[in-house]
2 protein chains.
Amino acid sequence: MAPAPPVTLFYGTFVDLPRTKSGSKHELSIRHGALWVSTSTGRIAGSDWSITNETQLQALLRKNAWPHNVRIIRAREELNEFFFPGFIDTHIHAPQYPNSGLFGSSTLLDWLETYTFPLESSLGNLSKARTAYDTVISRTLANGTTYASYFATIHIGATNLLATLAHARGQRALIGRVCMDNPSFCPSYYTDGSAQESLRATRENIAHIHTLDPEGKLVKPILTPRFAPTCSPESLSSLGALAASHTPPLHIQTHISENKDEVSLVQSLFPDSESYAGVYDKHALLTKRTILAHAVHLTQAEMELVASRDAKVSHCPASNSALGSGIAPVRQLLETGVTVGLGTDVSGGYSPSILEAARQACLVSRLLRHTHQISESGKAKDGHEVLSVEEALYLATRGGAAVVDMADDLGGFEEGMLFDTQLIRLGGVVSDSEEREMASTPSDSVVDIFGWESWAERVHKWVWTGNDRNVRAVWVGGKLVHSLNDGSRVENGGSVFGALPGLTGGSSDWLKYVAGGVGIGALGLLLGRRR
Amino acid sequence: MAPAPPVTLFYGTFVDLPRTKSGSKHELSIRHGALWVSTSTGRIAGSDWSITNETQLQALLRKNAWPHNVRIIRAREELNEFFFPGFIDTHIHAPQYPNSGLFGSSTLLDWLETYTFPLESSLGNLSKARTAYDTVISRTLANGTTYASYFATIHIGATNLLATLAHARGQRALIGRVCMDNPSFCPSYYTDGSAQESLRATRENIAHIHTLDPEGKLVKPILTPRFAPTCSPESLSSLGALAASHTPPLHIQTHISENKDEVSLVQSLFPDSESYAGVYDKHALLTKRTILAHAVHLTQAEMELVASRDAKVSHCPASNSALGSGIAPVRQLLETGVTVGLGTDVSGGYSPSILEAARQACLVSRLLRHTHQISESGKAKDGHEVLSVEEALYLATRGGAAVVDMADDLGGFEEGMLFDTQLIRLGGVVSDSEEREMASTPSDSVVDIFGWESWAERVHKWVWTGNDRNVRAVWVGGKLVHSLNDGSRVENGGSVFGALPGLTGGSSDWLKYVAGGVGIGALGLLLGRRR
């Protein structure tokens, strides 16, 4: 077999959000040209934005003495295709995925009891866990999520399986075994039992992940105290110490100030702490690698504490609306210096899509002027609090990258960055009605482009009306991990994937991959040690 | 040719929301059985909920002496298919559809100037209008909207074309030529010029629609003063008088209290009126056939006035969030006795889907407890204001039917009602991961059913995670007006549409339909008299 070409070439329109200083306005960067990715590192090796046609593209190949069989992936202008950085989901509960859309009219604390704990506890069954985890990984990849910070369950076996599946599918992920040992706030059927047991199980999970991916190239562990009420002070302290004992320190994720009743509960449970954020800080859990989900009801003083520790916030607007938690004051967080990314919070959030999270972030920021919060925070209702589409996309990519401590590696198209990317297809311009067909085909995009829109307007239409049908292909570290198999490659003569031999058959490759190594079924049995 | 069979039989699971007295709790009605629709009237001729298998179905045919070639449309249990009443969009601007997703960070009044008036005025060009209107009809039908109350533009020709297209496509519709004659608040390039001109043009449009559909079986005119600021008092009065001069009175639609600045503007423009609702009432525009869009900031006294006139409200939550208008207090409206339906308000709303409107209605009702509004209205923040999924679906069907004054004809599966229905497919149960494929196909539903969900839970999953891909077929008055052509009929051996000869080829039928009568291109020229 010939050696793999040294690079893969991507050609067409690239859209990303340039890194900016805090407080400056975010704008779309829209560039046309060629970008090449190193086959060995999966990183962007170079780019040339002066290339506008095939002749120049061929000249580029000759200039670099790249072999004739170099792969060229083209974003097709006539189908309004463009490359966009992969989405980063900074907060998602993988085991809750089967409950997506099931929450009735509940709010946080009764939702946990009624919907969440029963489902999570049932995933001790590895067969159930495998189905749930395989589905959630498929759905997030299909929605362009190249990196997810997952909460799992308390089960070692199922949590190990989630890590193995994400790794095998090529999704970048943080995997957290949930720690919950406080008998007063954990159901008797779903608890770690003690702080010692919680720590021991967590160490076992970390060992599995470090064996699976020793360098943490794709999958890394993350310490996951569920939230203050479900954790004893001993458990919180031991997790803080465990994080600090590693070099670099381990990632940490938890929830904070999602719901007002929860905030009151934490005040009553931790009377010695000045605030909810103070509880975590006291136990050394506010670090630069900490992800705090929600932060809807933080005080200004808490925001300042979070900012001073450089801890990060995952904004989960779909969930916060669905459970009636409130609207996180994102502008205030950003202006206080807190780094913010987006989270789907499946299944408090009903959707596995970060595009939906970006939409919801825009929508709720436009409602903030009607809430008590903004007046309490002393800010004028001048529209200053509104998040633009560009800001929401920044949070979905660059913001998320910073939240998972990879701001230099992910979120844009700079040389040296990892190529975690989606190929978006909006579809061709709406045809004249005489030729239009009554029956639409589901391979059609639901984004309607009429031909007069600027590129920026096309991106806005994608954000507001697009969905997973627009995500035609997804790469993580330069490797194709998802492609939409709708026959368009056949129809279109293979122009998108024509030069991509061996990577077009996602389905069979995946089966081959699994069959050639350790089958998923066997993996579950091998790795799934249950408590 | 053999005569058409007297009925079409629909067999499987039927979900609707029973009509209830105001204030009582809405529940899903989930029934399995057979229902038959008269070919001649398009109405439900009968139903039998005791039929559970093919043998009983065949016995039913024999018992009624129906011919052998009677059509049977089956909702397939193994694909989680069910029949659901068609959605009613009580407020949508057809000409704004091409701007879906384009609104930036604007609010109502600057949005009108920047985005809306320029686009609307450009639709005087009939070719542009045809493309926009054909697309919006396609998209709304594809999303299960069987009845839409459309705002058009000020142009007679283009408005006539919209009526003709809706009629030809078989979508039930109210069509309103927009009236706007106040030079202070209409741009010079887009105005009726005078109250007389506005009335004359409106009459011309009504005449066209009455010629097109004399009995108003599908398409009816609706008087459409844009909103109080764009209309002179003479114009408002003459439209009120025109509505009352018909038997039954003509439908009326307009906007009310969407945005606080707009409310202040109306107060300053109409100092003699006590309130915004009072302005419309003074001009005889608050009738039982009036649709008031938005009603976000009505006072309790205004709600009582609206209720006393039996005027209706179109709740447009996606739009109200997108433009930062606020959250309409739906519970308060309902408890005051106002009839409420849902509207997409394209393109203040970014989506043509009433399912999305239902989701947004649920979401914003869960945020209401965090707003000033609910405290001003003196209601406790006890969750009472939250809309359940069932209530949102009620508003999307029964509520909408009442808003368009067809509560006895549309919105459910009672005998005698018109069969305006969608066939929803959630898809089969998620398969074991060993057999799962990496590459998803876009014909897959994105609703994931794991097998343990109750029917009610399946419906909730549809509401929160479904989209147009789940709408497999749509009927209006018993006539198939949309079907999803994804090859599944071939795959599945035609079990859904197998007994539906001549109706499966939506695309070619449509072309034949148009070609056999008057081509759309010719229609535009024939009917499109421009001012």
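Residues numbered from 1 in each chain as written. Chains lettered and ligands numbered in written order. Predicted model: local features only at pLDDT ≥ 70, side-chain atom pairs only at ≥ 80, totals over all residues. Heavy atoms only, no water.

## Overview of the packing of helix α12 (residues 354-367) of chain B against helix α15 (residues 455-465) of chain B
Helix-helix packing is described using two parameters, namely the angle between the two axes and the distance between the axes.
Residues and elements named next belong to chain B.
Next, step 1: Where α12 meets α15, the axes come as close as 8 Å, and the angle between the chain directions of the two elements is 95°. With respect to α15, the axis of α12 lies roughly perpendicular. Note on element contacts: α15 touches α12 through Trp462, Val463, Trp464 and Thr465, opposite Leu355, Arg359, Cys362 and Leu363.
Next, step 2: Looking at side-chain class alone, the contact of α12 with α15 contains six nonpolar, one polar and one charged residues. (Axes fitted to C-alpha atoms, helices over the stretch in contact; angles between N-to-C directions. Helix = DSSP H or I, 4+ residues; strand = E, 2+ residues; numbered from the N terminus. Parallel < 35°, antiparallel > 145°, perpendicular 65-115°, else oblique. Contact = heavy atoms within 4.5 Å. Nonpolar A, V, L, I, M, F, W, Y, C, P; charged D, E, K, R; others polar.)

## Quick look at the packing of helix α4 (residues 156-169) of chain B against helix α5 (residues 195-212) of chain B
All names here are of chain B.
Next, step 1: Taken N-terminus to C-terminus, the directions of α4 and α5 make an angle of 20°; their axes are 10 Å apart at the nearest point. Taken together, the axis directions place α4 and α5 in an arrangement best described as roughly parallel. Pair α4 / α5 crosses with right-handed handedness. Here Ile156, Thr159, Asn160, Ala163, Thr164 and His167 of α4 come into contact with α5, specifically with Arg200, Ala201, Glu204, Asn205, His208, Ile209 and Leu212.
Next, step 2: For the contact of α4 with α5, the class distribution of residues is five nonpolar, six polar and two charged. (Left-handed = near helix turned anticlockwise from the far one by under 90°.)

## A look at the pattern of salt bridges
Pairing between side chains of opposite charge can happen when their charged atoms approach one another.
Next, step 1: Inspection of every chain in the model, using the stated rule, returns 48 salt bridges over all chains.
Next, step 2: Close ionic contact of Asp409 of chain A with Arg43 of chain A constitutes a salt bridge, the shortest N to O distance being 2.9 Å. Of the two residues, Asp409 of chain A sits in the loop between α14 (389-403) and β15 (421-425) while Arg43 of chain A sits in the loop between β2 (29-38) and β3 (44-48), which places them 366 residues apart along the sequence.
Next, step 3: Where Asp405 of chain B meets Lys288 of chain B, a salt bridge forms, and the shortest distance between an N and an O atom there is 3.6 Å. Residue Asp405 of chain B is located in the loop between α14 (389-403) and β15 (421-425), and its partner Lys288 of chain B is located in the loop between α8 (276-282) and β12 (290-294); the two are separated by 117 residues in the primary sequence.
Next, step 4: On the basis of relative accessibility, which here comes to 27%, the residue Asp405 of chain B falls in the partly exposed class.
Next, step 5: With a relative accessible area of 44%, Lys288 of chain B lands in the partly exposed category.
Next, step 6: Among the charged side chains, a salt-bridge network with shared partners connects Asp16, Arg31, Arg398 and Glu414 of chain A. (Salt bridge = Lys/Arg side-chain N within 4 Å of Asp/Glu carboxyl O. Buried < 20%, exposed > 50% of the residue type's maximum accessible area, 1.4 Å probe, protein only.)

## Looking at the packing of aromatic side chains
Residue and element names in this part refer to chain A.
Next, step 1: Summed over the entire model, instances satisfying the criterion amount to 42 aromatic pairs over all chains.
Next, step 2: For the ring pair Phe14 and Phe413, a centre distance of 5.2 Å and an interplane angle of 85° mean the geometry is edge-to-face. Here Phe14, found in strand β1 (residues 7-16), pairs with Phe413, found in the loop between α14 and β15; they are 399 residues apart in sequence, far enough to count as distant. Across this residue pair, the class does not change: Phe14 and Phe413 are buried.
Next, step 3: The structure contains a cluster of three or more aromatic residues connected by ring pairs, namely Phe10, Phe14, Trp49, Phe83, Phe413, Phe419 and Trp475. (Phe/Tyr/Trp six-rings, centres within 6.5 Å; stacked < 30°, edge-to-face > 60°.)

## Some words on the domain arrangement of chain A
Residues and elements named next belong to chain A.
Next, step 1: Per the domain assignment, the segments making up chain A are domain 1 (7-85 + 413-524) and domain 2 (87-403).
Next, step 2: Between domain 1 and domain 2, the residue contacts involve 40 residues of the former and 29 residues of the latter.
Next, step 3: At the boundary of domain 1 with domain 2, total buried surface from both sides reaches about 3,000 Å², with 66% on carbon and sulfur atoms.
Next, step 4: The largest per-residue losses of area from domain 1 upon contact with domain 2 belong to His26, Val463 and Trp464, which jointly make up 21% of the total buried on that side.
Next, step 5: Between domain 1 and domain 2 we count three salt bridges in total.
Next, step 6: Of the charged contacts, one joins Glu414 and Arg398 as a salt bridge, the two residues approaching to 2.7 Å between their closest N and O atoms.
Next, step 7: At the junction of domain 1 with domain 2, the criterion picks out six residue pairs in polar contact (both at pLDDT 80 or more).
Next, step 8: Those elements giving two or more residues to the side of domain 1 that touches domain 2 turn out to be β5 (81-85), β15, α15 (455-465), β16 (471-476), β17 (479-483), α17 (506-516) and α18 (520-527).
Next, step 9: If you tally residues by element for the side of domain 1 that touches domain 2, the top one is α15, at six residues. (Domains from an automatic or database assignment. Buried area = accessible area lost by both parts, 1.4 Å probe. Polar contact = N/O pair within 3.5 Å; in protein donor to acceptor, adjacent residues only side chain to side chain.)

## Examining α14 of chain B
Residue and element names in this part refer to chain B.
Next, step 1: With 15 residues, α14 ought to run about 21 Å at 1.5 Å a step, and its terminal C-alpha atoms sit 19 Å apart, in line with that.
Next, step 2: Along its length, α14 reaches its greatest deviation from straightness, about 40°, at Leu395.
Next, step 3: With 15 of 15 residues buried, α14 is to be regarded as a mostly interior element.
Next, step 4: Note on α14: the residue one or two positions beyond its end, Asp405, has a positive phi of about 60°. (Expected span 1.5 Å × (residues − 1). Bend = angle between axes of the 7 residues up to and from the residue.)

## Points about the state of the cysteines
By definition, a disulfide is the covalent link that joins the sulfur atoms of two cysteine residues.
Next, step 1: Inspection of the entire model under this criterion finds zero disulfides over all chains.
Next, step 2: The closest cysteine sulfur to the non-disulfide-bonded Cys316 of chain A is located on Cys362 of chain A, 15 Å from its own sulfur.
Next, step 3: The thiol sulfur of Cys186 of chain B is not disulfide-bonded, and the nearest other cysteine sulfur, from Cys231 of chain B, lies at 7.1 Å. (Disulfide = S-S within 2.5 Å.)

## A word on the pairing of β5 of chain A
Residue and element names in this part refer to chain A.
Next, step 1: Of all five residues in β5, five are buried; the element is thus mostly enclosed.
Next, step 2: Side chains Glu81, Phe83 and Pro85 of β5 all project onto a buried face; the interleaved residues Phe82 and Phe84 project onto the opposite face, where all are buried too.
Next, step 3: Here β5 runs beside β15; their pairing, made up of five bridges, is antiparallel. The partner of Pro85 across the bridge, within β15, is Thr421. (Pairing = 2+ DSSP bridges.)

## Details of unusual backbone geometry
Next, step 1: The step from Thr247 of chain A to Pro248 of chain A runs through a cis peptide bond, and the omega angle for that step is -10°.
Next, step 2: In this structure, Pro248 of chain A sits in the loop between α6 (233-244) and β11 (251-256).
Next, step 3: In this structure, the amide linkage connecting Val346 of chain A to the following residue, Ser347 of chain A, adopts the cis form with an omega of 0°.
Next, step 4: The residue Ser347 of chain A is located in the loop between β14 (339-342) and α12 (354-367) in this model.
Next, step 5: Its identity is not glycine, yet Ala65 of chain B carries a phi of approximately 55°, on the positive side.
Next, step 6: Take Ala65 of chain B: it is sitting in the loop between α1 (54-63) and β4 (71-74).

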